[in-house]
Amino acid sequence: MAEMTMIQAIHDAMRQEMERDERVIVLGEDVGKNGGVFRATDGLFEQFGEARVFDTPLAESGIVGTSIGLAVNGFRPVAEIQFLGFVYQAMDQLAAQAARLRFRSAGRFTCPLVVRSPYGGGVRTPELHSDALEGLFAHSLGLKIVMPSNAYDAKGLLISAIRDEDPVLFLEPMKLYRTFRMEVPEEPYEIPLGKARIVKEGEDVTVISWGASVPLVAKVAEEMKEKVDIEVIDLRSLQPLDWDTIYSSVSKTGRVIIVHEAVKTNGFGAEIAALISERALFSLSAPIVRITGYDTPYPVPSVEDDWLPNAARMIEGVQTLMRY
Amino acid sequence: MIDQNDLRIEMVHLLDENGNGEEETLHSFSDDVLITLYQWMRKARVIDERLLKMQRQGRIGTYAPFSGQEAAQIGSVLALDKDDWLFPSYREMAACLAHGMPLTQIFHYVRGHVLGGKTPAGLNIFPIQIIIGAQTLHATGCAWATKLKGERHVSVCYFGDGATSEGDFHEALNFAAVYQVPVIFFCQNNHYAISVPIQKQTASRTIAQKALAYGMKGVLVDGNDVLAVYQTMKEAVQMAREGKGPVLIEALTYRLGPHTTSDDPTKYRSEEEVERWKRTKDPLHRLRKLLEKRNIWTDTQEEAFVAQVNDEVTKAYEEAASVEAPSLADIFRYVYDEPSPLLYEQQQEVIRRNRVKEGK
Ligand SMILES: Cc1ncc(C[n+]2csc(CCOP(=O)(O)OP(=O)(O)O)c2C)c(N)n1
Ligand SMILES: [Mg+2]
């Protein structure tokens with residue numbers, strides 16, 4: 001075991017998969033010589049050379065679109081979109097092409113590729129660097145969506161994503177890249193996609209979250225534990241979704257809060273709330289609460305901390321639920 | 001078969017590195033024009049260095065310095081009329097300032113204030129573009145409107161070498177040429193897109209030649225030669241105004257500093273390379289030489305001028321800092337013309353939270 005940050009774990013996963021399987025290649029803007037703007041691919045260019053690590057032209061649609069062709073023809077591309085806000089440039093290639101290839105070829109072709117991208121707020125980036133856009137892609141069936149919240153999960157999930165036969169969007173909360181270290185096994189390991197993690201068990205309230213918001217939720221749950229027994233679920237992947245874990249928790253607590261950074265309207269929290277009301281309505285003893293970004297574009301640095309879900313809003317949400 | 005190696009592409013170049021050039025050509029630039037160009041470049045350099053320093057002190061956010069690219073920006077923007085349209089990226093603070101953007105506005109932007117993108121009324125400058133290449137299409141559409149309305153502005157779109165790889169760039173050039181609209185695509189080829197050198201960005205020998213594929217005119221200019229840039233831009237603008245279609249200008253230049261304040265350029269380029277550009281190709285240096293030869297600029301003037309710009313920077317910073325800090329509640333006003341009822345509710349929630357936070 002070694003103590004690692006999330007960025008080191010992500011790096012480790014890519015390096016080990018490249019060592020294990022020569023079909024794995026890495027491409028994107030500044031991922032080669034520069035090692036990525038967050039250094040996620042640091043040293044891969046030196047280790048694997050320019051036939052496996054590519055500093056591509058500055059073109060997101062090009063990066064994802066050619067990854068589809070590379071994947072169809074025998075490679076396992078791990079493509080990087082430098083910040084998730086730039087993924088709009090690749091929207092057609094991801095949502096309409098990669099997502100649908102298996103479907104429209106009736107299974108003849110698949111594109112096992114991974115698109116990694118940093119996202120998430122609170123780090124004072126320029127415009128369009130912080131947006132949480134998972135909801136857009138959750139609407140593109142055929143894509144898998146994975147969103148780790150810590151180093152251990154990041155490594156195991158990324159390895160699974162690279163080995164997966166379907167296209168995977170792997171979203172990395174940039175705020176958590178270096179905020180804390182944890183024990184991460186040195187050898188490669190997989191964490192199955194579609195299995196949530198119970199971060200903390202509890203009896204009173206279920207808080208469901210993923211990616212960037214998980215540490216906040218866990219912290220508040222810990223701080224409130226004398227008064228309220230909160231169960232914290234980290235979904236880890238939105239597609240596939242671990243309904244069973246949600247269901248057993250909701251059946252136990254009867255109170256639900258969903259926390260995500262993305263805007264509220266049509267955010268993935270809405271889908272979870274709908275599923276619960278379809279399948280577990282009578283387990284609920286209170287309305288479902290969503291704590292999310294507000295319904296505006298992601299704002300400028302001077303107000304972003306108030307825009308993001310924070311402890312005050314979460315505590316208020318818990319207190320509201322406990323009145324029922 | 002057409003081969004790019006058969007193309008003859010010459011770079012427009014008027015002033016060499018020691019401030020020399022063809023007598024007659026140089027003569028066509030009045031003292032006033034030379035001094036204005038120089039003062040703007042010097043001013044831009046001082047501002048850039050101050051902003052960089054302020055970022056290091058934590059007084060402003062992430063910043064993309066432009067030092068080294070002053071000639072390209074100032075030479076091109078001073079060739080415009082005040083009501084011409086500008087579509088800048090994050091690198092074009094110098095062009096924005098010289099086109100009339102107040103320095104306080106720049107401070108709002110780099111301090112992450114809600115008003116950072118709000119160009120003062122009367123100025124035709126689009127909000128700074130972060131998405132590489134996206135503004136090429138906006139400039140084309142804006143110029144299209146000018147043409148449809150029978151007006152006479154031109155639209156000028158600034159972008160870097162890296163931007164020429166984006167699909168938007170190619171669609172913009174194509175539309176512009178198909179509709180023959182008055183837009184100038186001004187590419188500052190500073191040799192790098194963050195860490196990626198131009199040789200990895202394109203297999204074309206020049207960016208200027210890409211114009212040919214779209215049936216428009218292209219020109220390559222020494223982007224560190226402010227006179228060459230100014231003259232080339234004047235010609236392009238005149239053509240565009242006369243309805244002779246769009247132009248792609250490639251200005252060959254170099255960014256002396258990091259890509260942004262979060263970048264470490266030693267990862268991808270050598271100190272010697274940077275030194276070489278600094279020593280021999282600084283755009284300010286060669287114009288300064290010419291001014292000295294004409295006896296129209298002295299060290300004393302320079303000192304006084306730099307001091308005055310420094311004062312301006314300090315005042316602008318203080319003015320920007322004294323503007324009331326924005327509140328989250330403000331941003332809800334700018335999502336729609338009229339907020340929806342649910343959005344209005346969210347705004348009220350934020351106002352209530354602010355009151356609680358302030359203990360009211
Ligand atoms: C669509 C998009 N992709 C990626 C980025 C990240 N990024 C910011 S600047 C930059 C390089 C731009 O290079 P260039 O066009 O040459 O302009 P320069 O920065 O050199 O002025 C990149 C990749 C972005 N802002 N937008
Ligand atoms: Mg560049």
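Our subject is the structure listed above.
The structure displayed is predicted, hence computed values, not measured ones.

1. A few points about the overall build of chain A
The number of helices and strands found in chain A is 12 helices and 14 strands. Since a compact globule built from 324 residues should have a radius of gyration of about 20 Å, the 19 Å found for chain A is in line with a globular shape. Overall, the C-alpha framework of chain A stretches about 60 × 40 × 40 Å when taken along its three principal axes. Out of the 324 residues belonging to chain A, those deemed buried represent 61%. For chain A, the share of sequence-separated contacts (at least 6 apart) that also reach a separation of at least 24 residues comes to 81%. Per element, the accessible surface of chain A, about 12300 Å² overall, is 52% carbon and sulfur. Treating the 33 positive side-chain charges of chain A as one cloud and the 46 negative ones as another, the clouds have centres 2 Å apart.

2. As for the interface of chain B and chain A
Taken together, the contact pairs 36 residues of chain B with 36 residues of chain A. Summed over both sides, the interface between chain B and chain A buries roughly 2900 Å², with carbon and sulfur atoms accounting for 55% of that surface. Where chain B meets chain A, there are 5 salt bridges. Residue R353(B) is joined to E316(A) by a salt bridge in which the shortest nitrogen-to-oxygen separation is 3.2 Å. Here chain B is connected to chain A by 10 residue pairs in polar contact (both at pLDDT 80 or more). Elements supplying a minimum of two residues to the side of chain B that touches chain A: α8 (198–201), α14 (328–331) and α15 (341–357) of chain B. Here the side of chain B that touches chain A gets 7 residues from one element, more than from any other, and that element is α15(B).

3. Details of the site of ligand 1
In the neighbourhood of ligand 1, 21 residues make up the surrounding shell, with E60(A), Y90(B), R91(B), I130(B) and G162(B) lying closest. Taken together, the residues near ligand 1 originate from chains A and B. Measuring from a nitrogen atom of ligand 1, one finds a backbone N or O atom of I132(B) at 3.1 Å. In isolation ligand 1 has 580 Å² of accessible area, and contact with the protein removes 96% of it.

4. A look at the packing of aromatic side chains
Tallied over the entire structure, the rule returns 22 aromatic pairs over all chains. Geometrically, the ring pair formed by W144(B) and F175(B) is edge-to-face, given 6.4 Å between the ring centres and 70° between the ring planes. With W144(B) in helix α6 (residues 134–149) and F175(B) in helix α7 (residues 167–179), the pair connects residues that are 31 residues apart, well separated along the chain. Seen from the ring of W243(A), R279(A) lies directly overhead, with NZ or CZ sitting 5.2 Å from the centre. The ring centre of Y192(B) lies 5.9 Å from the NZ or CZ of R269(B), which sits over that ring.

5. Here we look at the nonpolar core
Counting residues in hydrophobic clusters, the biggest one holds 88 residues, and the most contacted among them are I208(A), L235(A), I272(A) and I276(A). Setting aside chain neighbours within four positions, we find I272(A) in contact with I208(A), W210(A), L235(A), I246(A) and I258(A). Grouped together as the second largest cluster of nonpolar side chains are 69 residues, L14(B), A71(B), Y230(B) and L287(B) included.

6. Comments concerning unusual backbone geometry
Each neighbour pair has its own omega, and for Q239(A) with P240(A) the value is 0°, a cis peptide bond. Mapped onto the fold, P240(A) is located in the loop between β12 (237–239) and α9 (243–253). For N295(B), which is not glycine, the phi torsion reads 60° and is therefore positive. One can find N295(B) in the loop between α12 (283–294) and α13 (299–322).

7. Regarding the side chain of Q135(B)
For Q135(B), the position within the fold is in helix α6. Not counting residues within four places of it along the chain, the set of residues in contact with Q135(B) comprises F87(B), P88(B), S89(B), Q129(B), C157(B), Y158(B) and F159(B).

8. Here we look at the coordination of the magnesium ion (ligand 2)
Residue and element names in this part refer to chain B. Looking at the metal site, the magnesium ion (ligand 2) is ligated by D161 (OD), N190 (OD1) and Y192 (O), spaced 2.1 Å from it. As a motif over one chain, the donors of the magnesium ion (ligand 2) read D-x28-N-x1-Y. Here N190 lies in the loop between β4 (183–189) and β5 (192–193) and D161 lies in the loop between β3 (155–160) and α7, a separation of 29 residues in the sequence. A relative accessible area of 1% places D161 in the buried class. On the accessibility criterion, N190 (5% relative accessible area) is buried.

9. Quick look at the state of the cysteines
Overall, the coordinates contain 0 disulfides over all chains when judged by the stated rule. Free of any disulfide, C142(B) has its nearest neighbouring cysteine sulfur in C157(B), separated by 11 Å.

10. Description of the pairing of strand β14 (residues 289–293) of chain A
Residues and elements named next belong to chain A. Within β14, 4 of the 5 residues are buried, leaving the element largely enclosed by the surrounding structure. In terms of strand pairing, strand β13 (residues 256–263) meets β14 through 4 bridges, oriented parallel. Residue pairing for β14: I258 is matched across the bridge by R290. With helix α10 (residues 268–279) bridging β13 and its parallel neighbour β14, the resulting β-α-β unit is right-handed.

11. Quick word on the layout of surface pockets
Of the voids in this model, the second largest pocket is the one considered here, and its volume is about 490 Å³. Lining the second largest pocket are 23 residues, and of these K264(A), V289(A), R290(A), I291(A) and E349(B) sit closest to its centre. Of all the secondary structure elements, the ones that give two or more residues to the lining of the second largest pocket are β14 and α12 (311–322) of chain A together with α15 of chain B. With 6 residues, the single largest contributor to the lining of the second largest pocket is α15(B). A class-by-class count of the residues in the lining of the second largest pocket yields 8 nonpolar, 6 polar and 9 charged.

12. Digging into the sheet that holds strand β5 (residues 114–119) of chain A
Residue and element names in this part refer to chain A. If you trace the 7 strands from one edge of the open sheet to the other, you get β3-β2-β4-β5-β7-β6-β12, paired in mixed fashion. Pairing within the sheet leaves two strands with one partner each, and these edge strands are β3 (53–55) and β12. Going across the sheet, the axis of each strand differs from the next one's by a mean of 20°, ignoring polarity. Pairing of strand β2 (residues 24–28) with β3, which is carried by 3 bridges, proceeds in the parallel orientation. Following the sheet pairing, G28 is matched in β3 by D55. Docked against the sheet, helix α1 (residues 6–20) engages β2, β3, β4 (76–80), β5 and β7 (168–173), running at close to 130° with respect to β2.

Definitions and cut-offs
- Residues numbered from 1 in each chain as written.
- Chains lettered and ligands numbered in written order.
- Predicted model: local features only at pLDDT ≥ 70, side-chain atom pairs only at ≥ 80, totals over all residues.
- Heavy atoms only, no water.
- Helix = DSSP H or I, 4+ residues; strand = E, 2+ residues; numbered from the N terminus.
- Rg over C-alpha atoms; globule rule 2.2 N^0.38 Å.
- Buried < 20%, exposed > 50% of the residue type's maximum accessible area, 1.4 Å probe, protein only.
- Contact = heavy atoms within 4.5 Å.
- Areas by Shrake-Rupley, 256 points an atom, 1.4 Å probe, with all protein chains shown as cover.
- Lys, Arg positive; Asp, Glu negative; His and termini not counted.
- Charge placed at Lys NZ, Arg CZ, Asp CG, Glu CD.
- Buried area = accessible area lost by both parts, 1.4 Å probe.
- Salt bridge = Lys/Arg side-chain N within 4 Å of Asp/Glu carboxyl O.
- Polar contact = N/O pair within 3.5 Å; in protein donor to acceptor, adjacent residues only side chain to side chain.
- Near = heavy atom within 4 Å.
- Phe/Tyr/Trp six-rings, centres within 6.5 Å; stacked < 30°, edge-to-face > 60°.
- Lys NZ or Arg CZ within 6 Å of the ring centre and 35° of its normal.
- Core = buried A, V, L, I, M, F, W, Y, C linked by side-chain atoms within 4.5 Å.
- Donors = N, O, S within 2.8 Å, 3.2 Å for Na, K, Ca; no water.
- Disulfide = S-S within 2.5 Å.
- Pairing = 2+ DSSP bridges.
- Right-handed = clockwise from strand over helix to strand, strands pointing away.
- 1 Å grid on protein atoms, 1.4 Å probe; cavity = no way out; pocket = protein on both sides within 12 Å on 5 of 7 lines; lining within 4 Å.
- Points joined across faces, edges and corners; volume = space filled by probe spheres on them.
- Nonpolar A, V, L, I, M, F, W, Y, C, P; charged D, E, K, R; others polar.
- Axes fitted to C-alpha atoms, helices over the stretch in contact; angles between N-to-C directions.

The values are spatial; any link to function lies outside them.
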